[in-house]
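What follows is each chain in one-letter form.
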Amino acid sequence: ANPGKPSPKHIGADIQAAYDYLVKEAAIPSNRIIIYGQSLGSVPSCILASKHRVKGMVIHAGLASAIRVLKPSINKSPWFDLFRNSDVIKEAKCPVFIIHGTEDMAVPFSNGKLLYQNAPRKISPWWVKGAHHNDIEMNFARQYYVRLSAAFREFSMIEKEAADKDDAKAAPEDEKKETAIISSQPVKTSL
């Protein structure tokens with residue numbers, strides 16, 4: 001899908017091709033897909049989560065935007081900023097779990113905090129005290145797998161709650177008609 005030049009558009013096309021393969025060719029239902037994006041991989045992950053309802057998304061040491069990696073203190077992305085995850089994640093159609101090391105020098109910790117702040121549906125983040133950019137899986141291995149397993153269970157619980165809500169909305173056709181008639185009645189007031 002990518003003609004060779006990196007850009008948000010091409011990254012989006014690549015992740016969309018991977019998603020299409022999973023859903024259409026491998027016949028994996030979207031509610032069984034968990035997106036995992038680490039560092040620069042957070043960019044296509046956020047793009048995909050903004051377009052499709054999947055089971056959940058894990059962002060590990062994700063960048064809020066290209067400029068915020070270099071200058072974390074800016075409040076608003078300038079027009080020329082690339083990879084604006086902090087904006088794209090606002091449209092995520094799934095629960096989000098953020099992992100970020102507090103001592104990350106490659107992608108400052110503030111990037112993870114901003115992504116967490118902007119995610120509309122989120123579970124408690126894991127701010128890994130003392131962790132850097134590429135050492136969480138090795139130096140915090142046991143906690144890493146425990147936290148991921150817990151996040152996956154929480155994704156399943158959130159999905160079940162959403163399905164139960166959808167089931168409650170899907171009343172038999174006669175009930176829908178009756179409800180629509182009742183809800184369309186004018187309110188009578190007395191003077």
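Given the structure is predicted, the values throughout are model-derived calculations rather than measurements.

K.L.:
Teacher, can you tell me more about a positive patch on the surface here?
P.N.:
A surface patch of like charges, here positive, comprises Arg53, Arg121, Lys165 and Lys169. Here Lys165 is to be found in helix H7 (residues 141–169). Classification of Lys165 as exposed rests on a relative accessible area of 56%.

K.L.:
Before we go on, may I ask you to explain helix H2 (residues 42–51) in this structure?
P.N.:
Because each turn of an α-helix spans 3.6 residues, side chains separated by three or four positions end up pointing in the same direction. The buried count for H2 comes to 9 of 10 residues, which makes it a mostly enclosed element. Residues Ser42, Val43, Pro44, Ser45, Cys46, Ile47, Leu48, Ala49 and Ser50 constitute the buried set of H2.

K.L.:
Honestly, the side chain of Ser65 in this entry has me stumped. Any pointers?
P.N.:
Within the element layout of this structure, Ser65 appears in the loop between strand S2 (56–60) and helix H3 (66–70). Classification of Ser65 by relative accessible area gives buried; the value is 0%. At 2.6 Å, the side chain of Ser65 forms a polar contact with the side chain of Asp81. If we ignore the near neighbours within four places in the chain, the residues touching Ser65 are Ser77, Asp81, Leu82, Phe83, Arg84 and Asn111.

K.L.:
What exactly am I supposed to notice about the packing of aromatic side chains here?
P.N.:
Centre distance and the angle of the planes are the two values used to describe a pair of aromatic rings. The full count for this structure, using the stated rule, is 5 aromatic pairs. For the ring pair Tyr144 and Tyr145, a centre distance of 5.0 Å and an interplane angle of 80° mean the geometry is edge-to-face. What links up through ring pairs into an aromatic cluster is the set Phe109, Tyr116 and Trp127.

K.L.:
Would you explain the nonpolar core in this entry?
P.N.:
Nonpolar side chains in soluble globular proteins tend to end up buried together. If you look at the biggest cluster of nonpolar residues, it comprises 17 residues, and the most contacted ones within it are Met57, Ile59, Ile89 and Val96. Put simply, the parts of the chain that give this core at least two residues each are helix H1 (8–25), H2, S2 and strand S3 (96–101). The element that contributes the greatest number of residues to this core is H2, accounting for 3 residues. If we ignore the near neighbours within four places in the chain, the residues touching Ile89 are Cys46, Met57, Val96, Ile98, Leu115, Asn118, Ala119 and Pro120. Val128, Ala131, Tyr144 and Leu148 belong to the second-largest nonpolar core, a separate cluster that totals 14 residues.

K.L.:
I tried to follow the environment of Pro29 on my own but got confused; where do I start?
P.N.:
Relative to the elements of secondary structure, Pro29 occurs in the loop between H1 and strand S1 (34–38). The class of Pro29 is partly exposed, set by a relative accessible area of 42%. Sequence separation of Pro29 and Lys55 is 26 residues, and the distance between their C-alpha atoms is 9.6 Å.

K.L.:
Looking at this structure, how should I read the side chain of His60?
P.N.:
Note on placement: His60 falls in strand S2. Discounting chain neighbours no more than four positions away, the residues touching His60 are Tyr36, Gly37, Gln38, Ser39, Ile99, His133, Ile136, Glu137 and Tyr144.

K.L.:
Explain the sheet that holds S3 to me, please; I cannot follow it from the model alone.
P.N.:
Whenever strands of a sheet pair, they do so through backbone hydrogen bonds, lying parallel or antiparallel. Sheet architecture is open: 4 strands sit in the order S1-S2-S3-S4, paired in parallel fashion. Taken across any chain shown, the strands that pair with only one partner, and hence form the sheet edges, are S1 and strand S4 (126–128). Ignoring which end each strand starts from, the neighbouring axes of this sheet average 10° apart. Packed onto the sheet, H2 meets S1 and S2 and runs at close to 150° relative to S1. Contacting S1, S2, S3 and S4, H7 runs over the sheet at an angle of about 165° to S3.

K.L.:
What is the right way to read the confidence of the model for the chain from this model?
P.N.:
Where the model shows low pLDDT, its predicted coordinates should not be examined in detail. Mean pLDDT over the chain: 86, with 84% of residues reaching 70 or higher. Here residues 174–191 is a poorly scored stretch, pLDDT under 50, and it has 2 contacts once near neighbours within four places are set aside; other chains count.

K.L.:
Help me out: how do you make sense of the environment of Leu82 in this one?
P.N.:
By secondary structure assignment, the location of Leu82 is in the loop between H3 and helix H4 (85–88). Residues Leu82 and Arg68, 14 residues apart in the sequence, show an inter-C-alpha distance of 9.8 Å.

Calculation notes
Residues numbered from 1 in each chain as written. Predicted model: local features only at pLDDT ≥ 70, side-chain atom pairs only at ≥ 80, totals over all residues. Heavy atoms only, no water. Patch = residues over 30% accessible without salt bridge, like charges linked within 9 Å, V, L, I, M, F, W, Y side chains within 5 Å. Areas by Shrake-Rupley, 256 points an atom, 1.4 Å probe, with all protein chains shown as cover. Salt bridge = Lys/Arg side-chain N within 4 Å of Asp/Glu carboxyl O. Lys, Arg positive; Asp, Glu negative; His and termini not counted. Charge placed at Lys NZ, Arg CZ, Asp CG, Glu CD. Helix = DSSP H or I, 4+ residues; strand = E, 2+ residues; numbered from the N terminus. Buried < 20%, exposed > 50% of the residue type's maximum accessible area, 1.4 Å probe, protein only. Polar contact = N/O pair within 3.5 Å; in protein donor to acceptor, adjacent residues only side chain to side chain. Contact = heavy atoms within 4.5 Å. Phe/Tyr/Trp six-rings, centres within 6.5 Å; stacked < 30°, edge-to-face > 60°. Core = buried A, V, L, I, M, F, W, Y, C linked by side-chain atoms within 4.5 Å. Pairing = 2+ DSSP bridges. Axes fitted to C-alpha atoms, helices over the stretch in contact; angles between N-to-C directions. pLDDT = per-residue confidence, 0-100.

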